[in-house]
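# Results of the structural survey
Residues per chain are reported as follows:
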Amino acid sequence: PLDLQGPPPRRLAGQGIRLQRPAGADRRWLLGWLTELQLLLHGAAENARRVAIGLPPVNSVWPWGGGVWPPAPVASAVSARSVPATSPVTMGSPRVVYADCAFARGLARAAELPGSSIRPLAALAEAPAPAAGILVVHDPGPGVAIDPVAAETLWAAPLLAALAAGRLREIVIDSPTARQRIARHHRLRFWRRR
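Residues numbered from 1 in each chain as written. Predicted model: local features only at pLDDT ≥ 70, side-chain atom pairs only at ≥ 80, totals over all residues. Heavy atoms only, no water.

This part takes up the overall build of the protein chain. Each helix and strand in the protein chain was counted, giving 6 helices and 5 strands. Looking at the 194 residues of the protein chain, the share that counts as buried comes to 23%. Sequence separation of at least 24 residues holds for 43% of the intrachain contacts in the protein chain that already meet a minimum separation of 6. Put simply, the protein chain shows about 13800 Å² of open surface, and 60% of that area lies on carbon and sulfur atoms. (Helix = DSSP H or I, 4+ residues; strand = E, 2+ residues; numbered from the N terminus. Buried < 20%, exposed > 50% of the residue type's maximum accessible area, 1.4 Å probe, protein only. Contact = heavy atoms within 4.5 Å. Areas by Shrake-Rupley, 256 points an atom, 1.4 Å probe, with all protein chains shown as cover.)

Along its 17 residues, helix α6 (residues 148-164) runs just 21 Å from first to last C-alpha, ending more than 12% under the 24 Å computed at 1.5 Å per residue. Its maximal kink placed at Ala156, α6 deviates by approximately 40°, while the proline Pro158 follows within four residues. Residues Ala151, Leu154, Trp155, Ala156, Pro158, Leu159, Ala162 and Leu163 constitute the buried set of α6. On its buried face, α6 is in contact with β3 (134-137), β4 (170-174) and β5 (179-183). By the N-cap criterion, in which a side-chain oxygen at the helix start approaches the backbone nitrogen of a residue two or three places on, α6 is capped by Asp147, the distance to Val149 being 3.2 Å. Positive backbone phi, at 80°, marks Gly166, one or two positions downstream of α6. (Expected span 1.5 Å × (residues − 1). Bend = angle between axes of the 7 residues up to and from the residue. Polar contact = N/O pair within 3.5 Å; in protein donor to acceptor, adjacent residues only side chain to side chain.)

In terms of nonpolar packing, the biggest core is built from 13 residues, with Ile118, Leu121, Leu124, Trp155, Leu159 and Leu168 touching the most fellow members. Tallying contributions element by element places α6 first for this core, with 7 residues. Membership of the second largest hydrophobic core comes to 7 residues, among which are Val97, Ala99, Ala104 and Ala108. (Core = buried A, V, L, I, M, F, W, Y, C linked by side-chain atoms within 4.5 Å.)

A few words now on the pattern of salt bridges. Scanning all chains against the criterion turns up 2 salt bridges. With a closest N to O distance of 2.9 Å, Arg49 and Glu46 form a salt bridge. Of this pair, Arg49 and Glu46 both sit in helix α3 (residues 45-52), 3 residues apart, which is roughly one turn of the helix. The exposure class of Glu46 is partly exposed, given its relative accessible area of 44%. Of the charged contacts in the structure, one is a salt bridge between Arg181 and Glu170, with a shortest N-O distance of 3.0 Å. Pair noted here: Arg181 is in strand β5 and Glu170 is in strand β4, with a separation of 11 residues, a long-range link. The class of Arg181 is partly exposed, set by a relative accessible area of 41%. (Salt bridge = Lys/Arg side-chain N within 4 Å of Asp/Glu carboxyl O.)

For the rest of this paragraph, the subject is the sheet that holds strand β2 (residues 115-116). The 3 strands lie next to each other as β2-β1-β3, forming an open sheet whose pairing is parallel. With one partner strand each, in any of the chains shown, β2 and β3 form the two edges of the open sheet. In terms of strand pairing, strand β1 (residues 96-99) meets β3 through 4 bridges, oriented parallel. Pairing of Ala99 across the sheet is with Val137, part of β3. (Pairing = 2+ DSSP bridges.)

Remember that the coordinates give geometry; whether it matters functionally is a separate question.
Printed below as a string of structure tokens:
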């Protein structure tokens, strides 16, 4: 592990980092490495693609949260093998993670769970077998509100279609302010419709 101290990246989003450089015994070595990395990123093909579609280029990396990578969780606590197909799956036992957020995909990988983009969720309604233990993470980034139209297109409509088709038993939506559960039988509450 490197001897570095610095503020977390979310606190620095949208700000210049010249005055926020990391401190610590390995600072000098790291700053030299970051300069080399900036040169590499400057000519990266991915940056040319980002600029072509109107996104800013990736021009640096912010080192934070370093240390020793922890061992993966015990497989019986998180893997599909530990949850029988007929048992209710809780939020604590996902089998597949759908996310376009790199942090969520990294956590899935660390937990040895298959991860995928949110985009193939539409196929759940036509899946040959019921799906269980799906965790969907929709995080547009720090300080950015979730676009309701994008949320409906990316995950709400596909998950509701899968629920109606019997491929899902329940949808649990967690937000910073509330938790909402939608079960298949909730579709039968016709008296609540307006």
